[in-house]
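# Structural features, examined
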Amino acid sequence: MPNPKFSREEALAFHLEPTPGKFEVTATVPMTTQRDLSLAYSPGVAVPCEEIARNPELAYDYTNKGNLVAVISNGTAVLGLGNLGALGSKPVMEGKAVLFKRFADVNSIDIELDTEDPEDFIKAVRLMGPTFGGINLEDIKAPECFIIEQTLKEQMDIPVFHDDQHGTAVICAAGLINALHLSGKKIEDCRIVLNGAGAAGIACIELLKSMGARHENCIACDTKGVIYQGRQDGMNQWKSAHAVSTELRTLEEAMKDADVFLGVSVKGAVTQDMVKSMAPDPVIFAMANPDPEITPEDAHEVRPDAIVATGRSDYPNQVNNVLGFPYLFRGALDVHARAINDEMKIACAHALARLAREDVPDEVAIAYGRKLSFGRDYIIPTPFDPRLIHTIPPAVARACMDTGAARRPIVDMDAYELALKSRLDPTASIMRSINARARNAQARMIFAEGDDPRVLRAAVQYTRTGFGHAVVVGRDEDVKQKLEAAGLGDAFDEIEITNAAKTEHLEEYKSFLYGKLQRRGFDQQDIHRLAARDRHVFSALMLAHGHGDGLVTGATRKSAHVLDRINHVFDADAEHGAVGVTTLLHKGRIVMITDTLVHEWPDEEDLANIAERAADVARGLGIEPRVAFVSFSTFGYPRSERAEKMHRAPMVLEARGVDFEFEGEMTVDVALNKAAQDYYPFQRLTGPANILVVPARHSASISTKLMQEMAGATVIGPILAGIDKSIQICSSTSTASDILNMAVLAACKVG
Ligand SMILES: NC(=O)C1=CN([C@@H]2O[C@H](COP(=O)(O)OP(=O)(O)OC[C@H]3O[C@@H](n4cnc5c(N)ncnc54)[C@H](OP(=O)(O)O)[C@@H]3O)[C@@H](O)[C@H]2O)C=CC1
Ligand SMILES: CC(=O)C(=O)O
Ligand SMILES: [Mg+2]
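Residues numbered from 1 in each chain as written. Chains lettered and ligands numbered in written order. Predicted model: local features only at pLDDT ≥ 70, side-chain atom pairs only at ≥ 80, totals over all residues.

### What to know about the pairing of strand β14 (residues 550-553)
- Neither face of β14 is exposed, since Gly550 and Val552 on one face and Leu551 and Thr553 on the opposite face are all buried.
- Relative to β14, strand β11 (residues 443-447) runs parallel, the two sharing 3 bridges. Each residue of the ladder has a partner; that of Met445, found in β14, is Gly550.
- In terms of strand pairing, β14 meets strand β21 (residues 726-729) through 4 bridges, oriented parallel. Note that in β21 the partner of Gly550 across the bridge is Ser726. (Buried ≥ 20, exposed ≤ 12 C-beta atoms within 10 Å, placed from the backbone. Helix = DSSP H or I, 4+ residues; strand = E, 2+ residues; numbered from the N terminus. Pairing = 2+ DSSP bridges.)

Structure representation (structure tokens):
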């Protein structure tokens with residue numbers, strides 16, 4: 001599995017752009033008119049206020065409480081980095097908030113409390129109880145975290161859950177159930193060594209004991225070594241509960257003949273010698289973040305028979321609480337839970353363990369670049385497994401209902417599972433599958449404009465994300481300088497830099513170009529100038545000669561100019577069936593608009609061709625096409641000569657007998673809105689269209705740019721379809737991530 005490699009500068013840029021931080025708040029109600037204002041705010045807002053004051057349960061209906069979780073920290077144990085203070089912990093807490101949203105559609109906000117005094121902390125959190133449906137405590141060090149969580153649980157009537165304790169324990173338990181299943185050991189017979197007796201450690205060992213691990217078989221260690229009965233130094237009541245009567249004093253001694261090692265301490269706490277001394281088929285969960293107690297490579301080098309897990313996403317077996325907290329809260333919120341109790345946690349652990357033993361769907365396999373099947377390198381589901389959202393919360397909700405902690409039980413579980421499936425943003429999974437396909441393709445991508453810092457950043461990200469090899473057209477010195485200015489100096493050796501002066505193929509390119517252009521008025525000198533000095537032409541020549549698998553250009557010049565240059569080498573024009581397809585991502589929807597690049601004023605035959613090419617693109621991205629031919633009229637009304645071709649284009653497709661849905665002509669609102677479609681019961685689309693074929697290039701340009709500027713839609717493309725080479729033309733306003741997206745799409749076509 002590729003290591004995601006990034007520099008400190010990249011990590012900072014990720015947090016700085018497009019706006020500081022990782023999320024923002026958006027309104028879900030209209031806020032346009034005077035009337036909206038009087039309903040959302042005074043005087044209309046008085047009505048729900050009075051209702052809630054009379055019956056607090058109604059807060060779940062009239063406010064966002066029921067789907068809002070606070071991620072609260074004081075920054076005293078930020079990952080394994082130690083006490084970074086409240087403000088220093090904010091990036092992690094914002095991160096947890098976006099994970100809640102991404103994985104379980106739970107709205108979440110981070111709150112950093114500037115205090116190390118448990119009393120103050122408890123008071124602050126208790127007082128904010130009315131706002132939230134649940135409280136996720138995070139990165140608060142032991143032993144204060146135990147007092148804080150316990151007290152808040154007693155004082156509050158919503159779930160209070162310290163993720164580092166119980167989230168970690170649940171995932172660790174799920175992983176261990178499966179690891180022991182594979183090594184053929186029973187938990188009650190295992191010798192377990194825990195390193196780190198803080199928030200995560202104490203909770204992990206407690207949960208494992210409640211699942212059958214024997215007290216005398218479990219040895220806990222901390223910075224002072226083994227926690228033995230009678231030890232005085234660095235003790236507290238939570239550690240004392242796990243002290244054993246033993247002569248062992250160091251982690252090294254404890255590890256000898258241990259079956260299981262659980263690390264929730266710090267980077268590098270375990271040595272190869274310690275691992276070597278473990279029992280046969282040892283299980284090693286090195287869960288410290290961001291760096292584990294021992295790397296899987298080091299552990300496997302001395303013990304190939306070990307089952308190893310870490311907290312990181314770049315190794316197999318990620319035992320990380322991200323697999324738990326989104327789904328535990330999803331299930332709890334959906335039954336308006338009063339608490340997240342032990343039964344709910346154990347239900348979550350078993351559901352996760354079960355899921356890992358099931359057959360893995362292809363989309364997960366594609367995303368990870370290899371077929372996953374239950375075994376030593378796959379003991380726990382991966383965080384991007386789309387089944388998590390509809391399998392884990394129902395298990396949690398059921399346990400909550402069975403233990404009487406649910407305020408509003410779910411009556412129809414099947415309907416609930418179905419509703420959960422539609423909670424995830426479909427654009428996220430489509431983008432993921434596109435990324436995965438690109439990663440599989442491992443394309444050599446040519447980035448034509450190596451003098452542009454955005455292009456350079458995209459090229460570096462392309463290689464570092466593991467998509468393949470980046471070939472940048474530019475001058476070494478210039479590229480080096482620009483990379484250094486972007487804080488990416490160390491990436492210079494990771495990308496290939498080429499130009500006309502460097503290539504041994506220039507003569508070959510020139511004679512190819514002369515062959516194409518000699519009867520179009522270009523002489524030998526023109527050819528030399530184009531091949532050697534125009535990077536769009538040079539890059540296209542590289543592609544034509546197989547010196548790259550795909551090409552991305554257009555960030556520095558207008559797309560019409562770039563297309564013209566590319567057409568010196570290729571036949572990416574209307575006559576040869578080329579089509580531009582632009583993809584818009586907005587509010588969980590994907591809509592493609594076409595032709596955005598090639599045809600100026602297509603006739604009905606062209607329009608039908610365009611629809612077919614766009615349908616191919618959609619299918620290539622894993623989307624089942626539903627095409628609408630759009631106009632300002634719907635099914636012939638109002639009549640206009642200008643709309644005639646849009647009316648006839650569907651008939652052309654019908655005569656061709658194509659195998660995708662299409663309809664038209666229709667206005668955009670009918671195309672995109674199911675309710676509006678219902679006014680035309682005869683129409684054949686089974687849902688809102690996802691491909692809009694527009695009447696002309698100007699309407700394409702106007703609609704895509706309007707969506708980008710007014711609505712803030714993400715625009716990918718135009719994708720150049722209908723030619724056999726993979727070429728993407730970005731726009732001069734493209735950001736580095738837009739350019740990377742284009743490269744990824746180009747790579748998908750290669751794969
Ligand atoms: N993978 C996952 O999902 C999760 C991983 N973690 C990781 O677990 C670690 C601990 O987090 P958390 O429990 O919240 O932090 P705490 O501060 O509550 O606890 C840290 C514990 O680790 C012990 N420790 C520190 N250094 C060493 C060492 N060199 N050898 C042995 N013990 C040591 C401390 O010992 P002492 O008591 O003597 O000070 C303390 O008991 C972090 O690395 C964190 O990233 C946490 C949550 C989830
Ligand atoms: C994953 C997590 O919560 C931690 O490392 O603290
Ligand atoms: Mg944490």
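### Quick notes on the site of ligand 2
- Taken together, the neighbourhood of ligand 2 is formed by Leu79, Asp139, Asp163, Asp164, Asn289, Gly311, Asn320 and Asn321.
- The class makeup of the residues in the shell around ligand 2 is 1 nonpolar, 4 polar and 3 charged. (Near = placed C-beta within 6 Å. Nonpolar A, V, L, I, M, F, W, Y, C, P; charged D, E, K, R; others polar.)

### Considering the packing of helix α9 (residues 163-183) against helix α10 (residues 199-210)
- It is the contact of α9 with α10, at a shortest axis distance of 8 Å, that shows an interaxial angle of 45°. Looking at the two axes, α9 sits oblique to α10. Read as a crossing pair, α9 and α10 show a hand that is right-handed. Judged by residue contacts, Asp164, Gln165, His166, Thr168, Ala169, Cys172, Ala173 and Leu176 of α9 engage Ala199, Ala200, Ala203, Cys204, Leu207 and Leu208 from α10.
- Residue classes in the contact of α9 with α10 are distributed as 10 nonpolar, 3 polar and 1 charged. (Axes fitted to C-alpha atoms, helices over the stretch in contact; angles between N-to-C directions. Parallel < 35°, antiparallel > 145°, perpendicular 65-115°, else oblique. Left-handed = near helix turned anticlockwise from the far one by under 90°. Contact = placed C-beta atoms within 7 Å.)

### Topic: the UniProt feature "binding site: NADP(+)" (unreviewed entry) in the protein
- Residues given the UniProt feature "binding site: NADP(+)" (unreviewed entry) here are Val78, Leu79, Gly80, Leu81, Gly82, Asn83, Leu84 and Gly85.
- Secondary-structure assignment places Gly82 in the loop between β1 (68-73) and α5 (85-88).
- Overall, the presence of 12 C-beta atoms within 10 Å leaves Gly82 in the exposed class.
- Here Gly85 shows up in helix α5.
- With 15 C-beta atoms counted inside 10 Å, the residue Gly85 sits in the partly exposed group. (UniProt positions renumbered as here; feature names shortened; annotations may be inferred.)

### Concerning the confidence of the model for the protein
- Chain-level pLDDT for the protein is 93 on average; 98% of the residues reach the 70-or-more range.
- Under the prediction, the complex receives an ipTM of 0.98, its pTM being 0.76. (pLDDT = per-residue confidence, 0-100.)

### Some words on the site of ligand 1
- In the vicinity of ligand 1 there are 30 residues, among which Gly80, Gly198, Asp222, Asn289 and Gly311 approach most closely.
- Among the elements of the structure, α9, α10 and β6 (218-222) are those that each provide at least two residues to the shell around ligand 1.
- For the shell around ligand 1, the element with the most residues is α10, which contributes 3 residues.
- Tallied by class, residues from the shell around ligand 1 come to 13 nonpolar, 13 polar and 4 charged.

### Quick notes on the nonpolar core
- Core analysis: the largest hydrophobic core is formed by 118 residues, its most contacted members being Cys204, Cys348, Leu352 and Val396.
- The leading source of residues in this core is α9, at 10 residues.
- Those residues in contact with Val396, other than ones at most four positions away along the chain, are Tyr327, Leu328, Gly331, Ala332, Met344, Ala347 and Cys348.
- Judged by nonpolar contacts, the second largest core, of 101 residues, contains Val598, Ala618, Ile716 and Ala721. (Core = buried A, V, L, I, M, F, W, Y, C linked by C-beta atoms within 7 Å.)

### What to know about the packing of α9 against helix α16 (residues 342-357)
- Direction vectors running N to C along α9 and α16 enclose 40°, while the axes themselves pass 8 Å from each other. Judged by the angle between their axes, α9 and α16 are oblique. α16 is crossed by α9, and the crossing has right-handed handedness. Of the residues in α16, those in contact with His166, Val170, Ile171, Ala173, Ala174, Ile177 and Asn178 of α9 are Lys345, Cys348, Ala349, Leu352, Ala353, Ala356 and Arg357.
- Across the contact of α9 with α16, the residue classes tally to 10 nonpolar, 2 polar and 2 charged.

### Things to note about the sheet that holds strand β10 (residues 307-310)
- With mixed pairing, 6 strands are arranged side by side in an open sheet as β7-β6-β5-β8-β9-β10. Only two strands of the sheet have a single neighbouring strand rather than two, namely β7 (225-226) and β10.
- With 2 bridges joining them, β6 and β7 adopt antiparallel strand pairing. For Asp222, the partnering residue across the bridge sits in β7 and is Gly225.
- In this fold α9 packs onto β8 (260-263), β9 (283-286) and β10, with an angle of close to 160° to the strand it touches most, β9.

### Concerning the environment of Ser631
- In this structure, Ser631 sits in the loop between β17 (626-630) and α28 (644-656).
- The class for Ser631 is buried, based on 24 C-beta atoms found within 10 Å.
- A C-alpha to C-alpha distance of 50 Å links Ser631 and Asn321, two positions 310 residues apart in sequence.
- In this structure, Ser631 is in contact with Ala643, Met646, Glu665, Thr667 and Pro695, ignoring residues within four places of it in sequence.

### Some points on the domain arrangement of the protein
- When the domains of the protein are assigned, the result is domain 1 (8-163), domain 2 (435-566) and domain 3 (579-722).
- The C-alpha-based centres of domain 1 and domain 2 are spaced at 47 Å. (Domains from an automatic or database assignment.)

### Observations concerning the sheet that holds strand β3 (residues 134-137)
- Strands sit in the order β2-β1-β3-β4 across an open sheet of 4 strands; the sheet is parallel. Edge positions in the sheet fall to β2 (107-112) and β4 (160-162), since each of these pairs with one other strand and no more. On average, each strand axis in the sheet is inclined to that of its neighbour by 20°, with strand direction left out of account.
- In this fold helix α8 (residues 144-155) packs onto β3 and β4, with an angle of close to 165° to the strand it touches most, β4.

### Some thoughts on helix α6 (residues 90-104)
- The end-to-end C-alpha separation of α6 is 21 Å, in line with the 21 Å expected for 15 residues at 1.5 Å each.
- Along α6, the positions that sit buried rather than exposed are Val92, Met93, Lys96, Ala97, Phe100, Phe103 and Ala104. Angularly, the buried residues of α6 cover 150° about the axis, an arc narrow enough to put them on a single face.
- On its buried face, α6 is in contact with β1, β2, β3, α15 (325-334) and α18 (388-402).
- Just past α6, the residue Asp105 takes up positive phi, approximately 55°. (Expected span 1.5 Å × (residues − 1). Arc of directions from axis to C-beta.)

### Topic: unusual backbone geometry
- With omega at 10°, the peptide bond leading from Ser42 into Pro43 counts as cis.
- If you trace the backbone, Pro43 turns up in the loop between α2 (34-40) and α3 (46-54).
- The omega torsion across Asn289 and Pro290 is -5°, close enough to zero to call that bond cis.
- When you line up the elements, Pro290 lands in the loop between β9 and α14 (296-302).
- One non-glycine residue with positive phi stands out, namely Asp257, at about 65°.
- Assignment of secondary structure puts Asp257 in the loop between α12 (251-255) and β8.
- For Asp257, a count of 12 C-beta atoms within 10 Å translates into the label exposed.
- Positive phi values are uncommon outside glycine, yet Gln442 reaches one of about 45°.

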